[in-house]
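Architecture at a glance
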Amino acid sequence: MATVELRFSAQPEHVRTARLVAAAVARRAGVDEAVLDEVRLAVGEACSRAVGLHRSNGVTTPIRVVLIEAEKTFSIEVGDEVPGAGAAAGGVPGARAGDPGEAADEADADGEDEMGLAVIRGLVDDVEVTAGEDGGTIRMSWPTTPADADILS
């Protein structure tokens, strides 16, 4: 299993680099060319979400993107280090703990967060979103075509 790990500071301008790297590694892993735009868009959305969470919560640690090439799948994990609300949020993926006095600002941020997750779910069939005390992770995966299958067709 081949793995590429990318870490970048929570700056919006680095999201483009993450998209380009993800598309290049996905292509090399055997993800169908017709799906590469979806990979690029989904990674961009997940990274933008993580950048927004880091910036709005004052987290200075880097965003982590792990690209995993397995036998029949290509997976991408985008992780943030913003502590989640865990069980206090009723297990809602992407929910974050905060001060109740900031409810109006958080409602806007939560709306954007949920919209981003909806976009990702619309682009990727296999998505898993987790949030915990150590941060959140969006794991996305796509099927790959073995190199031998390309030669035979």
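Conventions adopted
- Residues numbered from 1 in each chain as written.
- Predicted model: local features only at pLDDT ≥ 70, side-chain atom pairs only at ≥ 80, totals over all residues.
- Heavy atoms only, no water.
- Helix = DSSP H or I, 4+ residues; strand = E, 2+ residues; numbered from the N terminus.
- Expected span 1.5 Å × (residues − 1).
- Buried < 20%, exposed > 50% of the residue type's maximum accessible area, 1.4 Å probe, protein only.
- Salt bridge = Lys/Arg side-chain N within 4 Å of Asp/Glu carboxyl O.
- Contact = heavy atoms within 4.5 Å.
- Pairing = 2+ DSSP bridges.
- Axes fitted to C-alpha atoms, helices over the stretch in contact; angles between N-to-C directions.
- 1 Å grid on protein atoms, 1.4 Å probe; cavity = no way out; pocket = protein on both sides within 12 Å on 5 of 7 lines; lining within 4 Å.
- Points joined across faces, edges and corners; volume = space filled by probe spheres on them.
- Nonpolar A, V, L, I, M, F, W, Y, C, P; charged D, E, K, R; others polar.

Concerning helix α2 (residues 36-57)
For α2, with 22 residues, the first-to-last C-alpha span of 32 Å sits near the 32 Å given by 1.5 Å per residue. Among all positions of α2, only Leu36, Val39, Ala42, Val43, Gly44, Ala46, Cys47, Arg49, Ala50, Val51, Leu53 and His54 are buried. A positive phi of about 70° marks Gly58, the residue just after α2.

Topic: the pattern of salt bridges
When charged atoms on two side chains of opposite charge get close, those side chains can pair. Across all of its chains, the model carries 5 salt bridges by this definition. Put simply, Glu69 and Arg28 hold a salt bridge, and the shortest N to O gap is 3.0 Å. With Glu69 in strand β2 (residues 63-69) and Arg28 in helix α1 (residues 15-29), the pair connects residues that are 41 residues apart, well separated along the chain. Residue classification places Glu69 among the partly exposed positions, given a relative accessible area of 22%. Classification of Arg28 by relative accessible area gives exposed; the value is 53%.

A word on α1
Over its 15 residues, α1 extends 21 Å from the first C-alpha to the last, a length consistent with the 21 Å expected when each residue adds 1.5 Å. Of the residues making up α1, those classed as buried are Val15, Ala18, Ala22, Ala23, Val25, Ala26 and Ala29. Next to the buried residues of α1 lie β1 (2-8), α2, β2 and β3 (73-79). Gly30 occupies a position one or two residues after α1 and carries a positive phi of about 105°.

Some remarks on the sheet that holds β1
If you trace the 5 strands from one edge of the open sheet to the other, you get β1-β2-β3-β5-β4, paired in antiparallel fashion. Sheet topology places β1 and β4 (126-132) at the edges, where each strand pairs with a single neighbour. Each neighbouring strand pair of the sheet contributes to a mean axis angle of 15°, computed without reference to strand direction. Bridge analysis of β2 against β3 gives 6 bridges, and the strand direction is antiparallel. Along β3, the bridge assignment pairs Leu67 with Ile76. Along the sheet, α2 makes contact with β1, β2, β3 and β5 (135-143), crossing β5 at roughly 180°.

Structural notes on empty space enclosed by the protein
In this structure the tally under the stated criterion is 1 cavity of 30 Å³ or more. When its volume is computed, the largest cavity comes out at roughly 30 Å³. The wall of the largest cavity is formed by Ala46, Arg49, Ala50, Val78, Gly79, Asp80, Gly136, Thr137 and Ile138. Only α2, β3 and β5 provide two or more residues apiece to the lining of the largest cavity. Residues of the lining of the largest cavity, tallied by class, amount to 4 nonpolar, 3 polar and 2 charged.

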